[in-house]
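Chain by chain, the residues run as shown.
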Amino acid sequence: MDLAQLREACSKYTKPAGFKPSYGTAGFRAEASLLHSTVFRCGLLMAARALKTGAATGLVVTASHNPVADNGVKLVEPTGYMLDQSWEVWADKLAVAEDTDALCNVIRELYQQEDIPYGSGTVMLAYDTRPSAEELVKAAGSGVQALGGLPIVCGLLTTPQLHWMVRHCNNSLKHTESTYYEEFASGFCTLVKGCKAEPQALTVDCANGVGAEALKTLSERIGAQLSVTLRNTGEGGLNEACGADYVQKERQFPAGMDDRQHGARCASLDGDADRLVYFHGMPAGNLQLLDGDRIAVLAALLIRDTLQKLPSDLPSPSVGIVQTAYANGASTQYIREQLRLETVVTPTGVKHLHAAAEHFDIGIYFEANGHGTVLFKPELIQRLHELGDCHEAAKDLLALVDMINQAVGDALSGILLVEAALRRRGWGLTEWADLYTDLPSRQLKTLTRDSGRKTDFTALQIKVKDRSVVVTADAETRAVTPEGLQSRINDSVSAVPSGRAFVRPSGTEDVVRVYAEAATQQAADDLAAEVARHVY
Ligand code: 16G
Ligand code: ZN
């Protein structure tokens, strides 16, 4: 490490006074103009991580579903997974270092404690469509170079594409954007080959984000086997009244989409295309949401159908589904009782679900918000390869491995997975939705005591001085502090038929979130409001 070069580079990216960024659930996010020093320091971090692991790492400049004025970073391990949790503390320490001296001290401490070898680490960089991207990517690159590393700018990509590229690069596989499309397209075409059902028209809300271009390219590669029409491809504001987060939380049709006629098949991506939800219009103009829970169930059905066709003398792989406390209780019941599969609940955030899914031969993980994927253990993939070309089922499972991003949740993979699963069953969204009926639920992030309008939850605010006073356990289903909070929640829940509720501090916003579920919508709304009042 050249100290003089490091000091000089650090002094060009000073941290705004009083700005205290924190790594949060999935990286840093803030108003873009505040982030130059943070992103520069993430460049330093990932160059060091590349040296420590002896492999390329990655960094994506994106703020996912946040408004266009925000930006952020997501950090990628050599495996393509998210930054190892043991290094989040270094990310935080670097990000909050007040000045160049303090920053150089943290770097020194990092090198000593982690025993970082000298050399040049490679960091692959990508960015989404935000106008602040160019400057921030430059800052990230300068951070990498300040530690003598090599930044490789891979360009405008979805977050999952960069995760996929880093993983493929470190596995010595072809890792161009074009290979990504080829592998996904070929996996999909194998799975739908011979299907009697015709491709169904799908309209996709691309959140005016980076997913629009990527999905266009992918669907062109696939050709007639996939029939998609793209909306919100950049003509409107990024994530503005559109995208997966909006549709899932607001239960509203996205801007520019009037596909309200009963049954029209629609889907939404989020701003960096790592989340996906499906929906369709119901009579009376209502929207029915098919969320991450339902994608997990559909994936499980497809996998079960395929595994049943494998030769019976093979040991059957373990299959499990990982959810969070936000998963609708009806989905968990369906998975356990109808699919007879194991379910595991973890705290919110892909890093937790991903780790739990790795315990299964086939681990399906999805958050209700549409973030998730299906992981296949390398040993299983090896066994499937050994079965060779003579088993259709093995070929189909290997096609799934090609088509499903093995690094991280990917909305493009998700679309192919859903479309292949529906087509193989000859189903529409109605049959998929009819598998089970969601329990009515309500999410609140805000509530003011004096709002008075019990059901207008968008206007409500939970005012907590410090969200960290709420500490949870048991995968966020139990509040450990403040004292007495959980017993008040228990009292409220026990009075409500099929009631369930929990509170947790958000990892991405300065709020406490409340979730409640009950036999009727009114009961779920009332329970959420009551639990929210306990949080004061
Ligand atoms: C981040 C997470 C997402 C999680 C959300 C929760 C990743 C890549 N993203 O967007 O999985 O659902 O945070 O947000 O892990 P919250 O903590 O504000 O509720
Ligand atoms: Zn996202």
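Here's what I pulled together on the structure shown here. (Residues numbered from 1 in each chain as written. Chains lettered and ligands numbered in written order. Predicted model: local features only at pLDDT ≥ 70, side-chain atom pairs only at ≥ 80, totals over all residues.)

A word on the overall build of the protein
Then, number 1: What the protein contains, in helices and strands, is 18 helices and 19 strands.
Then, number 2: Taken against the 2.2 N^0.38 rule, which gives 24 Å for 536 residues, the C-alpha radius of gyration of the protein at 23 Å falls within 12% of a compact globule.
Then, number 3: Structurally, the protein occupies a C-alpha span of about 65 × 65 × 45 Å along its principal axes.
Then, number 4: Counting only residues that meet the buried cut, the protein has 49% of its 536 residues in that class.
Then, number 5: Taking all contacts inside the protein whose residues are at least 6 apart in sequence as the whole, residues at least 24 apart take part in 70%. (Helix = DSSP H or I, 4+ residues; strand = E, 2+ residues; numbered from the N terminus. Rg over C-alpha atoms; globule rule 2.2 N^0.38 Å. Buried ≥ 20, exposed ≤ 12 C-beta atoms within 10 Å, placed from the backbone. Contact = placed C-beta atoms within 7 Å.)

Remarks on the site of ligand 1
Then, number 1: The environment of ligand 1 is formed by 14 residues, the closest being Ala26, Val350, Ser506, Gly507 and Thr508.
Then, number 2: Looking at the shell around ligand 1 residue by residue, the classes come out as 2 nonpolar, 9 polar and 3 charged. (Near = placed C-beta within 6 Å. Nonpolar A, V, L, I, M, F, W, Y, C, P; charged D, E, K, R; others polar.)

Digging into the environment of glutamate 220
Then, number 1: Position of glutamate 220 relative to the elements: it lies in helix α8 (residues 211-222).
Then, number 2: Separated by 57 residues in the primary sequence, glutamate 220 and valine 277 place their C-alpha atoms 22 Å from one another.

Section: the environment of valine 531
Then, number 1: Looking at where valine 531 falls in the secondary structure, it is placed in helix α18 (residues 521-535).
Then, number 2: Sequence spacing of valine 531 and tyrosine 515 is 16 residues, and the spatial spacing of their C-alpha atoms is 8.7 Å.
Then, number 3: Not counting the four nearest positions on each side in its chain, valine 531 is found in contact with Ile489, Ser492, Ala501, Val503, Val514 and Ala516.

Digging into the environment of phenylalanine 376
Then, number 1: Along the chain, phenylalanine 376 falls in strand β14 (residues 372-376).
Then, number 2: Placed 57 residues apart in sequence, phenylalanine 376 and valine 319 show a C-alpha to C-alpha distance of 9.5 Å.
Then, number 3: When near neighbours in sequence (up to four residues on either side) are disregarded, phenylalanine 376 contacts Ile362, Ile381, Val401 and Gln406.

Some points on the sheet that holds strand β8 (residues 266-269)
Strands pair in a sheet through their backbones, by hydrogen bonds, and they do so in one of two ways: parallel or antiparallel.
Then, number 1: Spatially, β7-β6-β8-β9-β10 is the arrangement adopted by the 5 strands of the open sheet, whose pairing is mixed. Edge positions in the open sheet fall to β7 (227-231) and β10 (287-290), since each of these has one partner strand only. Neighbour-to-neighbour, the strand axes of this sheet turn through a mean angle of 30°, independent of strand direction.
Then, number 2: Those strands touched by α8 are β6 (201-205), β7 and β8, and its axis lies near 160° from that of β7. (Pairing = 2+ DSSP bridges. Axes fitted to C-alpha atoms, helices over the stretch in contact; angles between N-to-C directions.)

Details of the sheet that holds strand β5 (residues 150-156)
Then, number 1: Read across the sheet, 5 strands follow the order β1-β3-β2-β4-β5 without closing on themselves; strand pairing throughout is mixed. Looking at which strands have only one partner, the edges of the open sheet turn out to be β1 (28-31) and β5. Averaged over all adjacent pairs, the angle separating strand axes in this sheet is 20°, with direction ignored.
Then, number 2: Bridge count for strand β2 (residues 57-61) against strand β3 (residues 70-76) is 4 bridges, and the pairing is antiparallel. Residue pairing across strands places valine 61 opposite valine 73, the latter belonging to β3.
Then, number 3: Sheet strands touched by helix α5 (residues 133-146): β2, β3, β4 (122-127) and β5. Its angle to β5, the strand with the most contacts, is close to 160°.

Brief notes about the nonpolar core
Then, number 1: Ranked by internal contacts, the top residues of the largest apolar core, which has 131 residues, are Leu59, Ala140, Ala299, Ala300 and Ile364.
Then, number 2: When residues in this core are grouped by element, the largest group, 10 residues, is from helix α2 (residues 36-53).
Then, number 3: Those residues within four positions of alanine 140 in sequence are excluded, and the remaining contacts are Val39, Phe40, Cys42, Gly43, Leu59, Val61, Leu125 and Pro151.
Then, number 4: Of all hydrophobic cores here, the second largest spans 26 residues; its members include Ala325, Tyr515, Ala516 and Ala528. (Core = buried A, V, L, I, M, F, W, Y, C linked by C-beta atoms within 7 Å.)

Some words on the packing of helix α17 (residues 485-494) against α18
Pairs of packed helices are described in terms of their axes, by the angle between the two and the distance that separates them.
Then, number 1: It is the contact of α17 with α18, at a shortest axis distance of 10 Å, that shows an interaxial angle of 160°. When the interaxial angle is binned, α17 and α18 end up roughly antiparallel. The hand of the α17/α18 crossing is right-handed. When α17 is examined against α18, the residues Leu485, Arg488, Ile489, Ser492 and Val493 are found in contact with a partner set consisting of Leu527, Glu530, Val531 and His534. (Parallel < 35°, antiparallel > 145°, perpendicular 65-115°, else oblique. Left-handed = near helix turned anticlockwise from the far one by under 90°.)

Quick notes on unusual backbone geometry
Among all residues except glycine, the phi angle is most often negative; among peptide bonds, the trans geometry is most common.
Then, number 1: The omega torsion of the bond from threonine 481 to proline 482 falls at -5°, within 30 degrees of zero and hence cis.
Then, number 2: You can see proline 482 is positioned in the loop between β17 (478-481) and α17.
Then, number 3: A positive phi angle, near 60°, is found at asparagine 239, a position not held by glycine.
Then, number 4: Looking at where asparagine 239 falls in the secondary structure, it is placed in the loop between β7 and α9 (244-250).

Details of the pairing of β5
Then, number 1: When β4 meets β5, the two strands line up parallel, connected through 6 bridges. Looking at β5, one finds that methionine 124 is bridged to isoleucine 152.
Then, number 2: With respect to chirality, the unit in which β4 leads through α5 into the neighbouring parallel β5 is right-handed. (Right-handed = clockwise from strand over helix to strand, strands pointing away.)

Some details on the packing of helix α10 (residues 292-307) against helix α15 (residues 411-425)
Then, number 1: Where α10 meets α15, the axes come as close as 10 Å, and the angle between the chain directions of the two elements is 55°. The orientation of α10 with respect to α15, classified from their angle, is oblique. The two elements α10 and α15 cross, and the hand of that crossing is left-handed. Facing Ile295, Leu298, Ala299, Leu301 and Leu302 of α10, the residues of α15 in contact are Gly414, Leu417, Val418, Ala420, Ala421 and Arg424.
Then, number 2: Classifying every residue of the contact of α10 with α15 gives 9 nonpolar, 1 polar and 1 charged.

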